[in-house]
Amino acid sequence: YTYNPPIPSSGPVSLGGFQKRTLGSGTYRFDSVSLKGFSSVTFGTSSSDVIDVYVDGDLKVTGLAAMKVYDGAKVTIHHGSGLLEFKGISVVNASGERKPEDFIIKSATNYRINFTGITAYFGVIYAPSAEIRILGIAGMWGAAIGNRIRLLGIGGIHYDEDLINMNWGGGSAGYEARSWREIP
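In this text, all values refer to a predicted model and were calculated from it rather than measured experimentally.

**Brief notes about the nonpolar core**
Generally speaking, nonpolar side chains in soluble globular proteins are found buried as a group.
(1) Moving on: F43, M67, I77, F103, F115 and I125 are the most contacted members of the largest nonpolar core, which totals 35 residues.
(2) Moving on: Ranked by residue count, the leading element in this core is strand β14 (residues 120–136), at six residues.

**Observations concerning the pattern of salt bridges**
(1) Moving on: On inspection of all chains with the given rule, the structure shows four salt bridges.
(2) Moving on: The residue E131 makes a salt bridge to R112 at a minimum N-O spacing of 3.7 Å. In this pair, E131 is assigned in strand β14 and R112 in strand β13 (residues 112–115), connecting sequence segments 19 residues apart.
(3) Moving on: Since its relative accessible area comes to 42%, R112 is described here as partly exposed.
(4) Moving on: Across the salt bridge formed by E131 and R150, the nearest N and O atoms sit 3.9 Å from each other. With a gap of 19 residues between them, E131 in strand β14 and R150 in strand β15 (residues 139–153) connect regions that are remote in the sequence.
(5) Moving on: The class for E131 is buried, based on a relative accessible area of 16%.
(6) Moving on: Within this structure, R112, E131 and R150 form a network of salt bridges that share partners.

**Notes on the side chain of S107**
(1) Moving on: Within the secondary structure layout, S107 lies in strand β12 (residues 103–107).
(2) Moving on: Here T109 takes part through its backbone nitrogen, which lies 3.1 Å from a polar atom of the side chain of S107.
(3) Moving on: Excluding its chain neighbours within four sequence positions, the residues that come into contact with S107 are Y1, H79, G80, L84, Y126, A127 and P128.

**Quick look at a nonpolar patch on the surface**
(1) Moving on: Taken together, the side chains of F18, F38, L64, I89, I118, I137 and I154 define a hydrophobic patch exposed on the protein surface, amounting to about 720 Å² of accessible area.
(2) Moving on: With respect to the element layout, I118 can be found in the loop between β13 and β14.
(3) Moving on: Given a relative accessible area of 39%, I118 falls into the partly exposed group.

**Digging into the environment of Y126**
(1) Moving on: Counting through the fold element by element, Y126 comes out in strand β14.
(2) Moving on: Judged by relative accessible area, which is 9%, Y126 ranks as buried.
(3) Moving on: Along the chain, Y126 and A144 lie 18 residues apart, while their C-alpha atoms are 5.9 Å from each other.

**Some thoughts on the packing of aromatic side chains**
(1) Moving on: Going through the model one piece at a time under the given rule, you end up with nine aromatic pairs.
(2) Moving on: Here F18 and F38 contribute two aromatic rings whose centre-to-centre distance is 4.8 Å and whose plane-to-plane angle is 0°, an arrangement assigned as stacked. Taken together, the positions of F18 in the loop between β1 (13–15) and β2 (20–23) and F38 in the loop between β4 (33–35) and β5 (40–43) put the pair 20 residues apart, joining distant regions of the chain.
(3) Moving on: A residue is classified by how much of its surface remains accessible, and F18, at 62% relative accessible area, is exposed.
(4) Moving on: With a centroid separation of 6.0 Å and an interplanar angle of 55°, the aromatic rings of F43 and F103 are classed as tilted. You can see F43 sitting in strand β5 and its partner F103 sitting in strand β12, a full 60 residues away along the chain.

**Digging into the pairing of β13**
(1) Moving on: Here strand β10 (residues 84–86) pairs with β13 via three bridges, running parallel. What sits directly across from E85, in β13, is N114.
(2) Moving on: As paired strands, β13 and β14 are joined by four bridges and run parallel to one another. Across the sheet, R112 pairs through a bridge with E131, a residue of β14.

Calculation criteria
Residues numbered from 1 in each chain as written. Predicted model: local features only at pLDDT ≥ 70, side-chain atom pairs only at ≥ 80, totals over all residues. Heavy atoms only, no water. Core = buried A, V, L, I, M, F, W, Y, C linked by side-chain atoms within 4.5 Å. Buried < 20%, exposed > 50% of the residue type's maximum accessible area, 1.4 Å probe, protein only. Helix = DSSP H or I, 4+ residues; strand = E, 2+ residues; numbered from the N terminus. Salt bridge = Lys/Arg side-chain N within 4 Å of Asp/Glu carboxyl O. Polar contact = N/O pair within 3.5 Å; in protein donor to acceptor, adjacent residues only side chain to side chain. Contact = heavy atoms within 4.5 Å. Patch = residues over 30% accessible without salt bridge, like charges linked within 9 Å, V, L, I, M, F, W, Y side chains within 5 Å. Areas by Shrake-Rupley, 256 points an atom, 1.4 Å probe, with all protein chains shown as cover. Phe/Tyr/Trp six-rings, centres within 6.5 Å; stacked < 30°, edge-to-face > 60°. Pairing = 2+ DSSP bridges.

Okay, here's the thing in C-alpha cells:
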C-alpha cells in the first residue's frame, strides 16, 4: 500500500472528555488523530455518504472513545506512518449495523497496530507491512491483512464471510481468502 494523500492537511485532531465531531461525505486529511475519554467521531450523515480520511501520523482511540459509522455510509481511513492504537474500552464502527465492509483502514505503517483491553473493532484492516496485535480481550469482527498477526489473550478475529470477494490490493497483486479454520 502506498500512502498518497490528494489534499493538504488541516492539522491534528485531538478530542477528549465528551467532545464529538461529525465528518460528512468528502475527503479529509489530518496530521494525527487522538480520541480519548468519552469522545467520538461520527462518519456520515446519510446512508449514501462516502468518507475518505487521510491521517499522516498517529491514530489513537483510547479510553471509552468511539468511531461511529452512519448506517450505510462507507468510510476508508488511509494511514501513512506512525502508530495505530485502539485501547481501553474503545469501539470502532460502533453504531447501527456494524458492517465490516463499511469501515476500512489501509495503512502504510511498518509499526505495530495494537488492539488492547476490551476494544471492539468492526471493520477491515489492510496493513501489509505492519504487525497487527490483538491483546487481552480485544476483538475484531471483519478481516485483516498484515505482515504478521498476533493474538495474545482471549480476544480474537471473527472473520466475516461476506468479505470473501473483497478486492484487497487491486490488480494482480491482490489477495484472496482461500481457506480459514473455525475454532469452536
